Amino acid sequence: MSFDVTKVRKDFPIFERTIRDGKKLVYLDSGATSQKPLSVIEAESNFYKFTNAAVHRGAHQLAEEATDSYEGARLKVANFLGAKEEEIVFTKNATESLNLVAYAMGNAQPGSRFALTSKDQIVVTEMEHHANLIPWQQLAARTGAELKWFEVTPEGRLDLSAINSIITENTKVVALTHQSNVLGTINPLEAITARAHEVGAVVVLDACQSVPHMPIDVKKLNVDFLAFSGHKALGPTGVGVLWSSVFEELPPFLFGGSMIETVTMTSATWAPAPRKFEAGVPNMAQAVGLGAALDYLTEIGMQSIFDHEVELTGYLMNGLLQIPELSIVGPQNTDARGGSVSFTVGHIHPHDLGQYLDSQGVAVRTGHHCAWPLTRKLGVPATTRASLYLYNDESDCDALFAAITGAQKYFA
Amino acid sequence: MSFDVTKVRKDFPIFERTIRDGKKLVYLDSGATSQKPLSVIEAESNFYKFTNAAVHRGAHQLAEEATDSYEGARLKVANFLGAKEEEIVFTKNATESLNLVAYAMGNAQPGSRFALTSKDQIVVTEMEHHANLIPWQQLAARTGAELKWFEVTPEGRLDLSAINSIITENTKVVALTHQSNVLGTINPLEAITARAHEVGAVVVLDACQSVPHMPIDVKKLNVDFLAFSGHKALGPTGVGVLWSSVFEELPPFLFGGSMIETVTMTSATWAPAPRKFEAGVPNMAQAVGLGAALDYLTEIGMQSIFDHEVELTGYLMNGLLQIPELSIVGPQNTDARGGSVSFTVGHIHPHDLGQYLDSQGVAVRTGHHCAWPLTRKLGVPATTRASLYLYNDESDCDALFAAITGAQKYFA
Amino acid sequence: MELDSLYQEVILDHYKHPLNKGLSENYGAQVHHVNPSCGDEITLNVTAIDGKISAITWDGVGCSISQASVSIASDLLVNKSFAEADAILNEFTELMQSKGTKEGNPDVLEDAVALAGVSKFPARIKCALLGWMAFKDAAVRINTTTGGE
Amino acid sequence: MELDSLYQEVILDHYKHPLNKGLSENYGAQVHHVNPSCGDEITLNVTAIDGKISAITWDGVGCSISQASVSIASDLLVNKSFAEADAILNEFTELMQSKGTKEGNPDVLEDAVALAGVSKFPARIKCALLGWMAFKDAAVRINTTTGGE
Ligand SMILES: Cc1ncc(COP(=O)(O)O)c(C=O)c1O
Ligand SMILES: Cc1ncc(COP(=O)(O)O)c(C=O)c1O
């Protein structure tokens with residue numbers, strides 16, 4: 001571990017507060033949303049205090065400065081991902097990013113590589129978050145295309161054994177998560193992207209749980225779209241990202257100001273990407289805040305963050321497995337898995353467990369984690385999830401262990 | 001005028017800065033986006049500093065507090081509009097709100113009151129912002145429905161003389177702006193909403209330029225949908241509102257977490273509104289900031305703000321009309337018009353005029369103001385627009401007058 | 001500890017030894033409700049004779065609060081008229097929305113007053129209401145079909 | 001005043017007395033370009049003989065920067081080969097993106113160096129480039145059809 005977690009925590013104002021009668025905040029819910037360092041909070045405030053104006057729209061100094069800040073944030077995102085500026089579109093969250101792709105494909109003209117008919121197929125996986133499942137269900141329903149999926153093995157890995165019959169010549173799009181928000185599993189992409197591209201399908205990667213936690217170079221991933229949310233990556237709420245190398249060919253999604261080239265009463269033509277996909281006055285302050293978040297992460301180093309989390313995940317799983325009746329759902333070691341660890345504890349319902357943990361200052365998430373089909377497949381009604389980030393350390397894990405043991409006594 | 005503009009300006013940090021070599025900031029571009037009082041900036045920062053967590057998703061104290069803040073903001077918006085909480089949906093901006101309605105109608109099952117076929121008609125007006133025009137063009141193109149519109153008279157008013165042949169038994173939706181962002185015209189709604197409802201059409205009101213500037217009671221407006229943007233109403237960027245009294249009947253738009261009731265691999269059912277329309281982790285901090293903005297506006301009083309703006313608009317128009325070669329586009333008096341005043345100055349191109357004004361610290365907007373069909377109809381390639389808000393006073397208008405006169409000399 | 005106001009003895013008892021769990025073979029109406037935020041599910045059978053509720057049985061998975069609450073409801077509402085049940089349900093709903101300011105009337109709510117503490121934990125109110133809302137739904141169905149006879 | 005670096009005398013001259021304004025009847029390629037953010041429009045005719053640009057005429061509405069810039073371009077690029085024109089265009093584009101750090105080479109750019117100040121006003125760069133991008137587009141069309149002959 002090459003950075004000092006205690007020092008890192010000092011950058012996050014929220015850790016100065018306490019929970020339920022003065023208990024230390026043990027925040028193990030970064031998989032849902034991350035906390036924010038002061039530099040991010042201030043980047044957003046300073047935008048409003050010093051340079052607030054509508055970007056791209058005014059010929060005055062404030063508008064110039066606002067445009068510089070906003071486009072500067074785009075450049076930061078591009079650099080963070082190893083991408084070009086025009087490949088970065090700001091959305092409101094990853095959910096919008098993924099819906100954008102599905103709706104825009106629905107808007108494609110017949111014959112376009114994106115257009116779907118009842119002969120085509122869409123491929124997802126059983127471990128998708130609802131945000132990367134339902135948009136495709138709906139696109140399938142609207143176009144008559146068939147929805148197919150990769151199953152999840154009992155170990156919490158994708159079963160790729162039938163890859164050639166799941167991804168076929170009729171597959172137009174393969175949408176999958178980079179890292180499961182329930183299991184922590186990091187999916188092997190090579191086989192899937194190779195097969196998808198072999199049959200001419202585009203690959204949409206839900207990188208919500210990977211971009212904030214590991215070094216990413218989009219050029220190496222071999223995918224066509226990548227989505228993530230700012231708020232899970234130390235950034236503000238209200239901003240997401242969609243990266244793509246094929247934006248030029250994709251029709252727009254939201255229609256309105258700033259995304260047009262010309263407009264008459266009956267028709268319109270579109271500006272080039274990324275503008276084509278950013279209708280209306282954008283989430284300027286939030287994009288700027290996200291830029292500051294990526295600066296913060298880069299300063300610490302994504303590889304260090306990943307290493308820290310892998311080490312801490314090992315510690316977490318080890319400690320958890322020593323608790324009687326506790327079983328971890330998903331990969332049982334740290335190979336190709338990130339810092340989201342879901343588990344069940346005997347007959348204690350996750351909701352009750354979460355409530356007890358909360359009374360001890362430990363914040364986790366319980367339920368189906370917006371991946372209901374996966375929870376069902378795993379044969380559990382719900383799980384409890386602890387998810388780690390750069391500001392967590394062993395003392396957080398120890399607090400969790402103690403609290404679980406306490407819950408077992410309480411509900412005995 | 002029942003409030004003190006000088007005092008109001010002190011609440012807005014941006015007015016402490018200067019423009020181009022120390023000139024006072026004369027901000028006359030609130031029609032594009034408004035400046036933010038400190039209370040709004042702090043509401044957003046404080047959310048991150050003290051209660052940041054994913055709403056509706058965790059059983060821990062932070063998640064409870066975050067949910068309280070976010071739902072508290074929804075209540076504030078509801079109260080501000082005279083609406084119920086479940087009638088308020090948070091979006092990213094008004095553009096998304098309007099696209100939401102158009103796409104959700106496109107998702108309606110055949111036979112639903114929202115479903116469109118090639119026999120149906122959509123009615124807009126010639127003075128719509130692109131955000132309330134292109135989504136309807138696209139819906140028309142997708143469904144085969146016909147797009148019709150009310151024309152604009154040379155005085156900048158809607159020509160309602162042919163109302164019964166424009167809104168017919170085949171009209172499914174009438175979408176129009178409450179107040180034009182170019183002309184300042186406040187449209188008379190009664191005749192249109194009465195006729196629309198007589199034929200069973202829904203009315204979608206673009207209230208971007210009215211909600212921030214006048215008292216609004218949705219119950220009295222007799223419309224079915226109302227959209228506005230937070231950033232034009234002293235609120236943060238990245239948050240918009242869609243109000244509707246018919247949300248229960250409308251299918252969802254964006255699909256993902258938190259908007260569902262149940263999900264399997266192949267199908268999903270929806271939560272009740274407003275959740276049905278808020279997929280993913282929402283723009284929590286921005287909604288909270290918008291709540292603070294509406295508190296600020298309410299504290300001053302929307303009627304006082306409206307009165308102030310009408311009075312100042314009179315002063316502005318009066319002064320402008322004394323400048324040789326200047327002509328105002330749109331209503332020439334303050335009857336049923338708000339504080340957006342667009343004009344041309346002889347042969348000086350608006351872009352050049354705006355640049356000169358900027359050199360004097362005066363921020364205006366130039367161009368087609370995202371209402372290109374209207375600009376074309378008015379027979380001008382572009383206009384210059386000064387738009388007022390509660391923090392403007394006569395000295396801002398005087399600075400504008402002086403700068404225009406300066407520009408005339410400069411480009412003579 | 002504030003947690004104890006949530007997990008009263010009575011609640012944990014009902015959770016461990018639920019009443020009327022196991023679905024009856026016959027019923028006037030059967031409903032299935034879920035709590036979308038946590039995935040809890042419940043199936044509830046209601047039978048009525050001459051406008052009086054004669055039996056409530058249920059099955060499902062869920063947390064202690066949702067299970068105890070439906071157990072309590074299934075015991076409390078039986079042998080009541082639909083109007084009486086409705087009044088009890090309203091009083092219970094009010095208690096749940098009281099944010100810890102009400103204690104609940106034990107004459108009306110009996111064991112359900114033990115759920116008063118739930119009102120201080122907003123995320124749990126839906127758990128406590130799950131079974132009651134299922135009952136409400138079933139009652140509507142019985143009274144709008146002939147299923148009640 | 002910084003504004004003077006934007007509105008140089010040469011620019012205002014071209015604006016008031018534009019060169020080659022008024023479309024020729026015949027042309028090798030005609031293109032129509034718009035600046036979506038302000039609505040400025042330009043139509044540009046390019047004619048070439050034996051790989052050399054023989055005439056550029058144009059018409060349009062726009063601000064002083066866009067009008068002056070196309071006037072300058074129409075004068076500067078005529079009688080050049082497409083390769084020469086391309087080199088000039090690249091040099092001009094670089095100047096526009098220089099954020100005020102370059103002055104421009106008057107031997108290559110002639111009157112166009114007067115537009116150097118535009119590079120300090122990001123919102124105006126598109127205005128200055130409008131005519132040049134239209135020319136670029138027209139050149140591509142001429143060279144991919146037989147329109148150039
Ligand atoms: C009348 C009108 N409608 C719609 C919009 C779009 O709002 P936004 O860009 O915030 O989505 C605007 C502002 O740009 C407007 O003035
Ligand atoms: C894997 C995954 N995909 C998608 C999402 C949706 O992200 P958001 O809610 O920010 O749109 C999440 C987080 O909730 C996630 O963990």
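Further up the page is the structure itself.
So, here is what we can say about the structure in this document. The model shown is predicted, which means the values in this text are computed figures rather than measured ones.

## Examining the packing of aromatic side chains
Point 1. Within this structure, the stated rule accounts for 42 aromatic pairs over all chains.
Point 2. Ring plane angle 15° and centroid distance 5.3 Å describe the contact between Tyr-103 of chain A and Phe-253 of chain A, whose orientation is recorded as stacked. Highlighted residues: Tyr-103 of chain A in helix α4 (residues 94-106) and Phe-253 of chain A in the loop between β10 (240-244) and β11 (260-263), separated in sequence by 150 residues.
Point 3. Residue Phe-253 of chain A is classed as buried on the basis of its relative accessible area, which comes to 1%.
Point 4. Here the aromatic residues Tyr-103, Phe-253, Phe-255 and Trp-270 of chain A together with Tyr-103, Phe-253, Phe-255 and Trp-270 of chain B are joined through ring pairs into a cluster of three or more.
Point 5. A cation sits over an aromatic face here: Arg-9 of chain A above Phe-15 of chain A, 4.1 Å from the ring centre.

## Observations regarding the environment of Ser-69 of chain B
Point 1. Tracing the chain through its elements places Ser-69 of chain B in helix α3 (residues 61-81).
Point 2. For Ser-69 of chain B and Met-284 of chain B, which are 215 residues apart along the polypeptide, the C-alpha to C-alpha distance reads 8.2 Å.

## Overview of the site of ligand 2
Point 1. Thr-95, Asp-206, Ser-229, His-231 and Lys-232 of chain A are the nearest of the 16 residues found near ligand 2.
Point 2. Mapping the residues adjacent to ligand 2 onto the chains of the assembly identifies chains A and B.
Point 3. The separation between an oxygen atom of ligand 2 and a polar main-chain atom of Ala-94 of chain A is 3.3 Å.
Point 4. Note that a nitrogen atom of ligand 2 is positioned 2.5 Å from one of the side-chain N or O atoms of Asp-206 of chain A.
Point 5. Split into classes, the residues belonging to the shell around ligand 2 amount to four nonpolar, nine polar and three charged.

## Some words on the relation of the copies chain A and chain B
Point 1. At an RMSD of 0.0 Å, chain A and chain B line up after a rotation of 180° and a shift of 0.0 Å along the axis. Both copies are brought into coincidence by an operation consistent with a two-fold rotation axis.
Point 2. Counting the interface residues of chain A, we find that 100% of their copies in chain B are interface residues as well, pointing to one common contact surface.

## A few points about the sheet that holds strand β1 (residues 29-35) of chain D
Paired through backbone hydrogen bonds, the strands of a sheet run either parallel or antiparallel to each other.
Residue and element names in this part refer to chain D.
Point 1. Reading across from one edge, β1-β2-β3 is the order of the three strands in this open sheet, with antiparallel pairing throughout. Among the strands making up the open sheet, the edge pair consists of β1 and β3 (52-61). Adjacent strand axes in the sheet meet at a mean angle of 20° when their direction is disregarded.
Point 2. Sheet topology places strand β2 (residues 40-49) next to β3; nine bridges connect them, and they run antiparallel. If you follow Asn-45 over to β3, its bridge partner there is Thr-57.
Point 3. Where helix α3 (residues 64-76) meets the sheet, its contacts fall on β2 and β3, and the angle it forms with β3 comes to roughly 165°.
Point 4. The strands touched by helix α6 (residues 122-144) within the sheet are β1, β2 and β3, with β1 carrying the most contacts at an inclination of about 150°.

The rules behind the values
- Residues numbered from 1 in each chain as written.
- Chains lettered and ligands numbered in written order.
- Predicted model: local features only at pLDDT ≥ 70, side-chain atom pairs only at ≥ 80, totals over all residues.
- Heavy atoms only, no water.
- Phe/Tyr/Trp six-rings, centres within 6.5 Å; stacked < 30°, edge-to-face > 60°.
- Helix = DSSP H or I, 4+ residues; strand = E, 2+ residues; numbered from the N terminus.
- Buried < 20%, exposed > 50% of the residue type's maximum accessible area, 1.4 Å probe, protein only.
- Lys NZ or Arg CZ within 6 Å of the ring centre and 35° of its normal.
- Near = heavy atom within 4 Å.
- Polar contact = N/O pair within 3.5 Å; in protein donor to acceptor, adjacent residues only side chain to side chain.
- Nonpolar A, V, L, I, M, F, W, Y, C, P; charged D, E, K, R; others polar.
- Least-squares fit on C-alpha atoms with pLDDT ≥ 70 in both.
- Contact = heavy atoms within 4.5 Å.
- Pairing = 2+ DSSP bridges.
- Axes fitted to C-alpha atoms, helices over the stretch in contact; angles between N-to-C directions.

Note that every value here comes from positions in space, so none of it alone points to a role or purpose.
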